[in-house]
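Chains, contacts and geometry: an overview
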Amino acid sequence: MRIKLITPRFHSRYFWDFRELSRILGRASNNLLLALPTVAALTPDKHEVILIDDNVHDINFDEPVDLVGLTAMTCYVNRAFEIADEFRRRGVPVIMGGPHATLAPYEALEHVDAVVIGEAENVWEQLLEDFEAGKLKEVYRGVDDKPTMESNPHPAWHLIPTTNYVFFGVEATRGCPFDCNFCSIKQIYGQDFRVRSPDDVISEIKNAPNNQIFFTDDNLIGNKPFAKELFTKMKGMNVSWGCQMSINVAFMPGMLKLMKEAGCFFIFIGLETLDKEAVVAMNKPVNKMNYYDAIANVQALGIHVIGSFIVGSDNDTPETFVELRDFVQESKLSWIMVNVMNSPPGTVFLRDMEAQGRNVVYSYDELDGAHATVKHPTMGRQEIEERFR
């Protein structure tokens, strides 16, 4: 059986896009999301897998295939629906997984033949067997049988031209110890924080196409003993890597020293807002720590901080944008990423905004961090978006 797995194009602004960085470095894209290279690796050898990145290559809708698989986050799910509709018009069945199919499965089923809710590791092979037997079900519930991650296959990087990308993703853990009201991680991965064997992670890093690695984990220090063991074993591997972590890592000098020795180049930290009252409203109390000290502690070791902020919270005013600009200059933050407050599916924030009649999403394309999708108490949508830009 021939299976075509497609990562849809981000046809709106995407949080991790970094298109300008890719252009400067002469690469077609920043990275390929891990989902489908992992699904390709889960596919039994008797099947032929074609892996397509819609951000890099045109899709041949007329190429003979038996089955198409798609993944999608909400901010680019409209493109996934377009692709699915094109293949189904040609009589090719389509499967969808990923965050949007997990959080809005029955909407996705309007465009595809089956959805995977949750993680694919323990349901993908059964799905393929059902399809071959003509017994494909509409819903496969990966949420009911979560993988331990102890025997995850390494991504099938051999199926893509690896020179297209700046870095390659590695996933060492799943989950997050926090439960921010604007985030859907707990709804996707559940309450538990799971880890792989450090030795298995090391093996995957060694087999990556190059030595530029990004850990895709939502919080790589969610299990501190695991993190320390992993970083200790990475020492001397000659890899340059980045990751996402919570701000408390900045006050763990021993952990930071291990990370630096292991080749850490940058840490992405969700600082979110300078307003400590808003931090409480976001249900992220860890961010009560001092931002200036945190940035100084990390960058003193030569590790860059990418600080992520959200604008458009209820307490924000026109002065918020000026204060944020001044903070970046005063703190000497290496890199800033700013998003407008969004209301994505599966979040407490969306539930609250809908209850208050404040959710104003006109298209999923707007859930890209560049559009004000909730009514603000004092600022209009246009004003927030203009000040953001």
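Everything in this summary refers to the structure shown in the same document. Counting starts from 1 at the beginning of each chain's written sequence and moves along it residue by residue. Side-chain atom pairs in this predicted model are given and counted only at pLDDT of 80 or more, local residue features only at pLDDT of at least 70, and totals for whole chains, interfaces and linings cover all residues. Remark: hydrogens and water are excluded; side-chain values derive from all non-hydrogen atoms of the structure.

This paragraph deals with helix α13 (residues 318–331). Under the scheme used here, helices are H or I runs from DSSP no shorter than 4 residues and strands are E runs no shorter than 2 residues, and both carry numbers assigned from the N terminus. To estimate the expected span of a helix, count its residues, drop one, and scale the result by 1.5 Å. With 14 residues, α13 ought to run about 20 Å at 1.5 Å a step, and its terminal C-alpha atoms sit 21 Å apart, in line with that. Between buried and exposed lies partly exposed: a residue is buried under 20% and exposed over 50% of the maximum accessible area for its type, with that area taken using a 1.4 Å probe on protein chains only. Restricting attention to buried positions, one finds in α13 the residues T320, F321, L324, F327, V328 and S331. When α13 is viewed along its axis, its buried side chains cluster within an angular range of 120° and face the same direction. Among the exposed residues of α13, those oriented more than 90 degrees off its buried face are Q329 and E330. Here, residues are in contact when the closest pair of their heavy atoms is within 4.5 Å. Buried residues in α13 make contact with α12 (291–299), β13 (304–311), β14 (335–340) and α15 (381–388). Taken from the helix axis, the directions to the C-beta atoms give the arc we talk about.

Quick look at the packing of aromatic side chains now. Between 30 and 60 degrees the pair is tilted, below 30 it is stacked and above 60 it is edge-to-face, where a pair is any two Phe, Tyr or Trp rings, Trp via its six-membered ring, whose centres lie within 6.5 Å. What the rule picks out here adds up to twelve aromatic pairs. Seen from their ring centres, F61 and F87 are 5.0 Å apart, and the 50° between their planes marks the pair as tilted. Taken as a pair, F61 in the loop between β2 (48–53) and β3 (67–71) and F87 in helix α3 (residues 77–89) lie far apart in primary sequence, 26 residues in all. An aromatic cluster of at least three residues, connected via ring pairs, comprises F167, F214, F265 and F266. Two limits define a charge over a ring: the Lys NZ or Arg CZ must be within 6 Å of the ring centre, and within 35 degrees of the ring normal. Stacked on the ring of Y291, the Lys or Arg K276 has its end atom at 3.5 Å from the ring centre.

Pairs of strands are assigned from DSSP output, requiring at least two bridges between the strands. If you trace the six strands from one edge of the open sheet to the other, you get β7-β10-β11-β12-β13-β14, paired in parallel fashion. If you trace the sheet from one side to the other, it starts and ends with β7 (168–170) and β14, each paired once. Neighbour to neighbour, the strand axes of the sheet diverge by 20° on average, direction disregarded. Bridging between strand β10 (residues 212–215) and strand β11 (residues 240–245) involves three bridges; their strand directions are parallel. The residue bridging I213 from the neighbouring strand is W241, located in β11. Each of β7 and β10 touches helix α8 (residues 198–206); the most contacted strand, β7, lies at about 170° to it. Here an axis means a line fitted to C-alpha atoms, over the contact stretch when the element is a helix, while the angle between two N-to-C directions is reported on a 0 to 180 degree scale. Against the sheet, α13 engages β13 and β14, with an angle of about 175° to β13.

The working definition used for a salt bridge is a side-chain nitrogen of Lys or Arg within 4 Å of a carboxyl oxygen of Asp or Glu. What the rule picks out here adds up to 30 salt bridges. E261 is the salt-bridge partner of K235, the closest N and O atoms lying 3.8 Å from each other. Of the two residues, K235 is situated in the loop between α9 (224–234) and β11 and E261 in helix α10 (residues 253–261); the sequence distance between them amounts to 26 residues. E261 sits in the partly exposed class, given a relative accessible area of 30%. A salt bridge links R351 to D352, with the shortest nitrogen-to-oxygen separation between them at 3.4 Å. Classification of R351 by relative accessible area gives exposed; the value is 54%. Taken together, the salt bridges that share partners define one network made up of E119, E121, K146, E171, R174 and R194.

Before going further, it helps to examine the pairing of β10. Pairing of β7 with β10 involves three bridges; the strand directions are parallel. Residue V170 lies in a different strand from β10, and its bridge partner there is F215. By convention, a crossover is right-handed whenever its connection, traced from the first strand over the helix to the second and viewed with the strands pointing away, goes clockwise. Where the polypeptide runs from β10 across α9 and back to β11, its parallel neighbour, the crossover connection is right-handed.

What follows covers the environment of K137. Inspection of the secondary structure puts K137 in the loop between α6 (124–132) and β6 (139–141). The sequence separation of K137 and P8 amounts to 129 residues, and the corresponding C-alpha distance is 23 Å. Residues contacting K137, with those up to four places away along its chain left out, are D113, A114 and D130.

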